[in-house]
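# Structural description and commentary
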Amino acid sequence: LQEALELFEKALDINPNDATAHYEAARILAALGRTDESLSEIRIATKLNPESIWFKAHYAKVSRISENYDDYVVAYEELVADNPFDLNFLYELAFAYQFTGDYKRAITAYDKIENIIGVNERLIIQKTEFYTKIGNPAKSIAEYEKLIATNPDDLRYYALMAEYCSKNNLDDKAVWAY
């Protein structure tokens, strides 16, 4: 990797405005664990070519690795704005919001995913955890009820709701689910 990095550095000496060379150098630097230098290179690449999905995605990745979660969020917000039906970007955006503790926006991202793929057990469980963290058990119950309505013959979902309700002292709903 070091030799490849040196070649990209030579290419950048010849043409410092080569966005792709900055991007490739950033990828190599990240692989070498040199995240600060990788961030510097990918910032240059994205400045030179702000439309590149690959550059933005790498910027987001390195921002997460370096625990710069605000930039991680911004990068994925831009990627989702440009690609609103890309599930990978939507999942990453929800994950980024989780890192910053913005559970309401994470739920909104999961809602967008749900609008694309339909009701999904994993999404529902994640959203109920977030609703619990923000102190809204009624929304958690509504999510479980939505899951049950979509899959009325799957007893696991009744059990999940009952367990949630029992843990949160919502005995009347727990009895209904049992």
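Details of the structure are given in the entry above.
I will try to describe carefully the structure that is included in this document. (Residues numbered from 1 in each chain as written. Predicted model: local features only at pLDDT ≥ 70, side-chain atom pairs only at ≥ 80, totals over all residues. Heavy atoms only, no water.)

### So, the nonpolar core
One broad trend across soluble globular proteins is that nonpolar side chains are buried collectively. In this structure, Ile42, Phe55, Tyr76, Tyr110 and Phe130 are the most contacted members of the largest nonpolar core, which totals 33 residues. Listing elements by their share of this core, those giving two or more residues are α2 (19-31), α3 (35-48), α4 (53-65), α5 (69-82), α6 (87-100), α7 (103-117) and α8 (121-133). Leaving out residues up to four positions away in the same chain, isoleucine 42 has contacts with Tyr23, Ala26, Phe55, His58 and Tyr59. With 10 residues, the next largest nonpolar core counts Ile141, Leu147, Ile148 and Met161 among its residues. (Core = buried A, V, L, I, M, F, W, Y, C linked by side-chain atoms within 4.5 Å. Buried < 20%, exposed > 50% of the residue type's maximum accessible area, 1.4 Å probe, protein only. Helix = DSSP H or I, 4+ residues; strand = E, 2+ residues; numbered from the N terminus. Contact = heavy atoms within 4.5 Å.)

### Let's talk about the packing of α7 against α8
Relative placement of two packed helices is described by the angle separating their axes and the distance separating the axes. Look at α7 against α8: their axes get within 10 Å of each other, and the N-to-C directions meet at 160°. On the basis of the axis angle, α7 is roughly antiparallel to α8. In the crossing of α7 with α8, the sense of the turn from one axis to the other is left-handed. Note on element contacts: α8 touches α7 through Leu123, Ile124, Gln126, Lys127, Phe130, Tyr131 and Lys133, opposite Tyr103, Ala106, Ile107, Tyr110, Asp111, Ile113, Glu114 and Ile117. Tallied by class, residues from the contact of α7 with α8 come to 10 nonpolar, one polar and four charged. (Axes fitted to C-alpha atoms, helices over the stretch in contact; angles between N-to-C directions. Parallel < 35°, antiparallel > 145°, perpendicular 65-115°, else oblique. Left-handed = near helix turned anticlockwise from the far one by under 90°. Nonpolar A, V, L, I, M, F, W, Y, C, P; charged D, E, K, R; others polar.)

### Quick look at a nonpolar patch on the surface
On the surface, a nonpolar cluster with roughly 300 Å² of combined accessible area is contributed by Phe85, Ile116 and Ile117. The exposure class of phenylalanine 85 is exposed, given its relative accessible area of 65%. (Patch = residues over 30% accessible without salt bridge, like charges linked within 9 Å, V, L, I, M, F, W, Y side chains within 5 Å. Areas by Shrake-Rupley, 256 points an atom, 1.4 Å probe, with all protein chains shown as cover. Salt bridge = Lys/Arg side-chain N within 4 Å of Asp/Glu carboxyl O.)

### Some remarks on helix α10 (residues 155-167)
Every α-helix carries 3.6 residues per turn, so stepping three or four residues along brings you back to the same face. The terminal C-alpha atoms of α10 lie 18 Å apart, and with 13 residues this matches the ideal 18 Å at 1.5 Å per residue to within 8%. All buried positions along α10 are accounted for by Tyr157, Tyr158, Met161, Ala162, Tyr164 and Cys165. Each buried residue of α10 lies within a common arc of 160° when the element is viewed along its axis, so the set occupies one face. Projecting away from the buried face of α10 at angles above 90 degrees are the exposed residues Leu155 and Lys167. Looking one or two residues past α10, asparagine 169 carries a phi angle of roughly 55°, positive in sign. (Expected span 1.5 Å × (residues − 1). Arc of directions from axis to C-beta.)

### A short note on a negative patch on the surface
On the surface, Glu3, Glu6, Glu9 and Asp13 cluster together into a patch of negative charge. Among the structural elements, glutamate 6 can be located in helix α1 (residues 2-14). Judged by relative accessible area, glutamate 6 falls into the partly exposed class, the value being 39%. (Lys, Arg positive; Asp, Glu negative; His and termini not counted. Charge placed at Lys NZ, Arg CZ, Asp CG, Glu CD.)

### Observations concerning the environment of serine 40
Tracing the backbone through its elements, the reader meets serine 40 in helix α3. Assessed through its relative accessible area of 36%, serine 40 is described here as partly exposed. Along the primary structure serine 40 and alanine 109 are separated by 69 residues, whereas in three dimensions their C-alpha atoms are 29 Å apart.

### Describing the side chain of serine 52
Examined against the element boundaries, serine 52 turns out to sit in the loop between α3 and α4. Its relative accessible area of 11% is what places serine 52 among the buried residues. Within the structure, serine 52 has its side chain in polar contact with the backbone nitrogen of tryptophan 54 (distance 3.3 Å). (Polar contact = N/O pair within 3.5 Å; in protein donor to acceptor, adjacent residues only side chain to side chain.)

### Re the pattern of salt bridges
This model, assessed by the stated rule, comprises 14 salt bridges. In this structure, lysine 56 and aspartate 82 form a salt bridge, with 2.9 Å as the shortest nitrogen-oxygen distance. Of this pair, lysine 56 sits in helix α4 while aspartate 82 sits in helix α5, placing them 26 residues apart in sequence. A relative accessible area of 47% places aspartate 82 in the partly exposed class. Measuring nitrogen to oxygen at the nearest pair gives 3.2 Å for the salt bridge that ties glutamate 143 to lysine 127. Of the two residues, glutamate 143 sits in helix α9 (residues 137-150) while lysine 127 sits in helix α8, which places them 16 residues apart along the sequence.

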